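What follows is the residue order along each chain.
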Amino acid sequence: MDNLHHIVVVGGGAGGLELVTSLGNKLGRKRRARITLVDAGLTHVWKPLLHEVASGSLDASANEINYRAHAQKHHYEFQLGCMSGLDRDAKQLVIAPFHDEDGVEVVPERRISYDTLVVAVGSTANDFGTPGAQEHCLFLDSLMQARRFHNLLLNAFLRKNHDANQGQSHELPITIIGAGATGVELAAELRLASRELPVFGMSHLQPSDVSISVIEAADRILPALPERLSAAATRELERQSVKVMTGQPVSEVRAQSIVMKDGTELPSEMTIWAAGIKAPGFLAELDGLEVNRGNQLMVEQTLQTTRDNSIFALGDCAACPQPDSDRPVPPRAQAAHQQADALFKTLCNRLEGKEAVPFVYNDYGSLINFSHYTTVGNLMGNLSGRSMYIEGKVARLFYVSLYRMHQVALHGFLRTGVIWLMDRINRAMHPRLKLH
């Protein structure tokens, strides 16, 4: 194995895990290359589903993938740890020490040699330095954060249900800062939770006691998507009794409230930050690699970093140019999926001394899911280039298919079919919401 070309992928998100799966199946299985995945966690959950984990409408335990088990099936290696540095001359990446829950060091700092390095560490929330955001906001960047959110939500409902039973004040104001796809979909999931939880023993708390607000600094929600889609999303949120506030920047977050730019103070016992993203800060210190203001690694159209042809980047942490555009590829799941496909071809070519494959992003549209209520979206026409607006069951079908496509890339069609069948059985056997 030491004589094989070593491809190291850092980050087991959507793009990174799909890439190592393809490389392992083609190169690792035939011992044409050694493939290693490095990630700070033990399991993978598709990031666009984290808001469902947070609300309890998705059981992460039934949908997560264990990296070690997946690596054994798909002929790659897995290293647990967080990348903390890079030595480009020695072609080594530095992995920070790993500590257990009590802070005891389990594995010391170590180095991994590579021939080709792929950075796919995704993104984190960007609070833009807003005072109080880090101290008082909840975030949904990881499975751990989503699970913590779910526990806090259940406890908040339990506390307010008890207060209502005692005849005390029991209103629960929840605020979501940022009305991109995550913020909008989370609002719908939280409204579902407020209607379902009273059925399971919290009968003193009514859905009307839970006020949900979505705040967006731009003049409309979903500002990156077509205006018609934004208008439909606004109507649906208002129909679900979610308060939509646009053109309202937040200047400060406090423990029990938020302060708007105009000085207005709004009560908020649970505040979720879903406005903006940035790449992890350590990327700006990777041995001279070029980054932009959002810490994204600057890459060529081939996804090679601008200052090192042996290092590639994909997904949210990469600023990839688009032909005939002055804007980089948007940080979306479909972009990471497409980049993983292109980079797979490039890395296979690289072993044979062939040219890299230029990446061209194709926008297939956007879908916004309002929990079990409805789904709206637009699909891009391949021939006309125009978008087609869809909603309801048809849009829901397309939305579900996005996750199934991700599963097919990781498991193949047969295993994905089995997973689909098990999902149907689990939905029939278990409550709609995870209650613990």
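Conventions and cut-offs
Residues numbered from 1 in each chain as written. Predicted model: local features only at pLDDT ≥ 70, side-chain atom pairs only at ≥ 80, totals over all residues. Heavy atoms only, no water. Helix = DSSP H or I, 4+ residues; strand = E, 2+ residues; numbered from the N terminus. Rg over C-alpha atoms; globule rule 2.2 N^0.38 Å. Buried < 20%, exposed > 50% of the residue type's maximum accessible area, 1.4 Å probe, protein only. Contact = heavy atoms within 4.5 Å. Areas by Shrake-Rupley, 256 points an atom, 1.4 Å probe, with all protein chains shown as cover. Lys, Arg positive; Asp, Glu negative; His and termini not counted. Charge placed at Lys NZ, Arg CZ, Asp CG, Glu CD. Pairing = 2+ DSSP bridges. Axes fitted to C-alpha atoms, helices over the stretch in contact; angles between N-to-C directions. Parallel < 35°, antiparallel > 145°, perpendicular 65-115°, else oblique. Nonpolar A, V, L, I, M, F, W, Y, C, P; charged D, E, K, R; others polar. Salt bridge = Lys/Arg side-chain N within 4 Å of Asp/Glu carboxyl O. Expected span 1.5 Å × (residues − 1). Left-handed = near helix turned anticlockwise from the far one by under 90°. Phe/Tyr/Trp six-rings, centres within 6.5 Å; stacked < 30°, edge-to-face > 60°.

**Student:** Where do I start with the overall build of the protein chain in this structure?
**Tutor:** Counting its secondary structure elements, the protein chain contains eleven helices and 27 strands. A compact globule built from 436 residues should have a C-alpha radius of gyration of about 22 Å, and the protein chain, at 22 Å, falls within 12% of that. Taken along its principal axes, the extent of the C-alpha atoms in the protein chain is 70 × 55 × 45 Å. Expressed as a percentage of the 436 residues in the protein chain, the buried residues total 49%. Long-range contacts, defined as pairs at least 24 residues apart, comprise 64% of the intrachain contacts of the protein chain with a sequence gap of at least 6. Only carbon and sulfur atoms are counted for the fraction: they give 51% of the accessible area of the protein chain, which is about 21000 Å². The positive charge centre, built from 43 side chains, and the negative charge centre, built from 47, are 7 Å apart in the protein chain.

**Student:** Teacher, can you tell me more about the sheet that holds strand 19 (residues 270-273) here?
**Tutor:** For sheets, the rule is that strands pair by backbone hydrogen bonds, running either parallel or antiparallel. Pairing in this open sheet of four strands is parallel, and the strands run 15-14-13-19 from one edge to the other. Of all strands in the sheet, those with a lone pairing partner are strand 15 (242-246) and strand 19, marking the two edges. Along the sheet, successive strands turn relative to each other by an average axial angle of 15 degrees, direction set aside. Of the pairings in the sheet, the one linking strand 13 (residues 172-177) to strand 14 (residues 210-216) comprises six bridges and is parallel in character. Considered in strand 14, the bridge of Thr-175 is made with Ser-213.

**Student:** In this structure, what is going on with unusual backbone geometry? I would like to understand it.
**Tutor:** Leaving glycine aside, a negative phi is the common case for residues, and trans is the common case for peptide bonds. Phi is positive for Leu-222, which is not a glycine, with a value near 50 degrees. Mapped onto the secondary structure, Leu-222 falls in the loop between strand 14 and helix 8 (227-239). What makes Leu-222 buried here is its relative accessible area of 2%. The phi dihedral of Ser-241 falls on the positive side, at around 60 degrees, and the residue is not glycine. Its location among the elements puts Ser-241 in the loop between helix 8 and strand 15. According to the relative accessible area criterion, Ser-241 is partly exposed, its value standing at 48%.

**Student:** I would appreciate a short explanation of the environment of Thr-305 in the present structure.
**Tutor:** With respect to the helices and strands, the residue Thr-305 is situated in strand 22 (residues 304-305). When the C-alpha positions of Thr-305 and Asp-141 are compared, they lie 25 Å apart, and in sequence the two are 164 residues distant. Leave out the neighbours within four places in its chain, and Thr-305 touches Leu-289, Met-298, Val-299, Ile-311 and Phe-312.

**Student:** For this particular structure, what's the right way to read the packing of helix 1 (residues 14-28) against helix 4 (residues 67-74)?
**Tutor:** To characterise two packed helices, one gives the angle between the axes of the helices and the distance between these axes. Interhelical geometry of helix 1 versus helix 4 gives an angle of 30 degrees and a closest axis separation of 9 Å. Comparing the axis directions of helix 1 and helix 4 gives the class roughly parallel. Between helix 1 and helix 4, the contacting residues are Leu-17, Thr-21, Gly-24 and Asn-25 on the first element and Tyr-67, His-70 and His-74 on the second. Residue classes in the contact of helix 1 with helix 4 are distributed as two nonpolar, five polar and no charged.

**Student:** Explanation requested: the pattern of salt bridges in the structure shown.
**Tutor:** Two side chains bearing opposite charge may form a pair once their charged atoms approach each other closely. Taken as a whole and judged by the stated rule, the model has eleven salt bridges. Residues Arg-254 and Glu-265 are paired through a salt bridge, measuring 3.3 Å at the closest nitrogen-oxygen approach. In this pair, Arg-254 sits in the loop between strand 16 (250-253) and strand 17 (257-260) while Glu-265 sits in strand 18 (residues 265-267), placing the two residues eleven residues apart along the sequence. Linked by salt bridges that have partners in common, Arg-32, Glu-352 and Lys-354 make up one network.

**Student:** Just to check I follow, could you spell out helix 1 for this structure?
**Tutor:** Given 3.6 residues per turn, any residue in an α-helix points the same way as the ones three and four places further on. Along its 15 residues, helix 1 runs 20 Å from first to last C-alpha, staying within 8% of the 21 Å computed at 1.5 Å per residue. If you check which residues of helix 1 are buried, you get Ala-14, Gly-15, Gly-16, Leu-17, Glu-18, Leu-19, Val-20, Thr-21, Leu-23, Gly-24, Leu-27 and Gly-28.

**Student:** Sorry, what's going on with the packing of helix 1 against helix 9 (residues 333-351) here?
**Tutor:** Between helix 1 and helix 9, whose axes approach to 9 Å, the crossing angle comes to 35 degrees. For helix 1 against helix 9, the interelement crossing comes out right-handed. Contacts between helix 1 and helix 9 involve Gly-15, Glu-18, Leu-19, Ser-22, Leu-23, Lys-26 and Leu-27 from the former and Ala-336, His-337, Ala-340, Leu-343, Phe-344, Leu-347, Cys-348 and Leu-351 from the latter.

**Student:** Help me out: how do you make sense of the packing of aromatic side chains in this one?
**Tutor:** The geometry of an aromatic ring pair is captured by two quantities: the separation of the ring centres and the angle between the planes. Applying the stated criterion across every chain, the model contains two aromatic pairs. On the numbers, 5.4 Å between centres and 20 degrees between planes, the contact of Trp-46 with Tyr-403 is stacked. Placement of the pair is Trp-46 in the loop between strand 3 (43-44) and helix 2 (50-55) and Tyr-403 in helix 10 (residues 392-411), with a sequence separation of 357 residues. Accessibility expressed as a relative area gives 12% for Tyr-403, which makes it buried.

**Student:** How should I be thinking about the sheet that holds strand 6 (residues 83-87) in this particular structure?
**Tutor:** In space, the three strands of this open sheet follow the order 6-7-10, with antiparallel pairing throughout. The two strands at the open ends of the sheet, each matched to only one other strand, are strand 6 and strand 10 (110-113). With strand direction ignored, the average angle separating the axes of adjacent strands in the sheet is 25 degrees. Of the pairings in the sheet, the one linking strand 7 (residues 92-95) to strand 10 comprises four bridges and is antiparallel in character. Residue pairing for strand 10: Val-94 is matched across the bridge by Arg-111.

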